[in-house]
Amino acid sequence: MSAARAVKTAAGAAAGREVVITRVLDAPRRLVFETWSNPEHLARWWGPKDFTLPGCELDFRPGGAYRFVMRGPDGLDYPFHGVYREIVEQERIVFTAIIDNAPGNELVTTVTFAEHGGKTRLTVAQTVPTEPYARGQKQGWTESLARLAEYVARDMKNGRSK
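From a predicted model like this one, the values you see are computed outputs, not experimental measurements.

**Looking at the overall build of the protein**
Secondary structure assignment for the protein yields four helices and seven strands. For the protein, the succession of helices and strands along the chain, N to C, is α-β-α-α-β-β-β-β-β-β-α. Scored against the burial criterion, the 162 residues of the protein give a buried share of 42%. Relative to all contacts within the protein whose residues are 6 or more apart in sequence, the contacts with residues 24 or more apart total 47%. A total of about 8,300 Å² of accessible surface is found on the protein, and carbon and sulfur atoms cover 52% of it.

Rendered as structure tokens:
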């Protein structure tokens, strides 16, 4: 088990739970990984249905920080920030997330990218925050990954897969 996986597992055990979502995306691993590492791409798919990402700053490297601001359909902003703990090109990203209005709720997220017959099996595992912040976590990730699937499918149709 990698050190990052051990950290994530320990954090999940401390919180008592974690959410794990797996989805197969019709795109090569290289392309899917790129959508997580480039702010231009992230801004086009990150967040639940009908959310936008008007704030997207990142230093994509181990130890690098990021700050995102999601905007809900009601116009409310949901800022959060964190640090990239581990990045293995086209294989894994491990990062923390701290919801700005929920101090003490540091989440650890591990995203893995696996080859799946020319497609990508993407798995997101994230520790669960305290209530009430956990209420939309699974739905939010499910909707975000659906948006990601649509985004990479459009890229494939537009010939960007090479």
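Let us keep going from here.
**Quick notes on the packing of aromatic side chains**
Scanning the entire structure with this criterion turns up 18 aromatic pairs. Each ring, one from Trp-46 and one from Trp-141, has its centre 5.4 Å from the other, and the planes form 70°; the classification is edge-to-face. Pair noted here: Trp-46 is in the loop between α3 (39-45) and β2 (52-58) and Trp-141 is in helix α4 (residues 137-157), with a separation of 95 residues, a long-range link. Like Trp-141, Trp-46 is buried. With a centroid separation of 6.2 Å and an interplanar angle of 75°, the aromatic rings of Tyr-66 and Phe-80 are classed as edge-to-face. Taken together, the positions of Tyr-66 in strand β3 (residues 65-71) and Phe-80 in strand β4 (residues 77-88) put the pair 14 residues apart, joining distant regions of the chain. When its relative accessible area of 4% is taken as the criterion, Tyr-66 is described as buried. Exposure remark for Phe-80: the relative accessible area of 10% places this residue in the buried category. Joined through ring pairs, the aromatic side chains of Phe-33, Trp-36, Trp-45, Trp-46, Phe-60, Tyr-66, Phe-68, Phe-80, Tyr-84, Phe-95, Phe-113 and Trp-141 make up one cluster.

The rules behind the values
- Numbers given to residues run from 1 along each chain, matching the order in which its sequence is written.
- The predicted origin of the model limits local features to residues at a pLDDT of at least 70 and limits the giving and counting of side-chain atom pairs to 80 or more, whereas totals for whole chains, interfaces and linings rest on all residues.
- Neither water nor hydrogens contribute to the side-chain values; these are computed over all heavy atoms in the structure.
- The helix count covers DSSP runs of H or I at least four residues long, the strand count covers runs of E at least two residues long, and both are numbered beginning at the N terminus.
- Classification of residues uses two cut-offs on accessible area relative to the type maximum, computed with a 1.4 Å probe and protein chains only: under 20% is buried, over 50% is exposed, and between them is partly exposed.
- Here a residue-residue contact requires only that any non-hydrogen atoms of the pair lie within 4.5 Å.
- To be clear on the numbers: accessible area is Shrake-Rupley with a 1.4 Å probe, and residue cover counts the displayed protein chains and nothing else.
- Any two of the Phe, Tyr and Trp rings considered here, Trp counted by its six-membered ring, make a pair once their centres fall within 6.5 Å; the pair's planes then place it as stacked at under 30 degrees, edge-to-face at over 60, or tilted in between.

Purely geometric stuff here, so don't read any function into it on its own.
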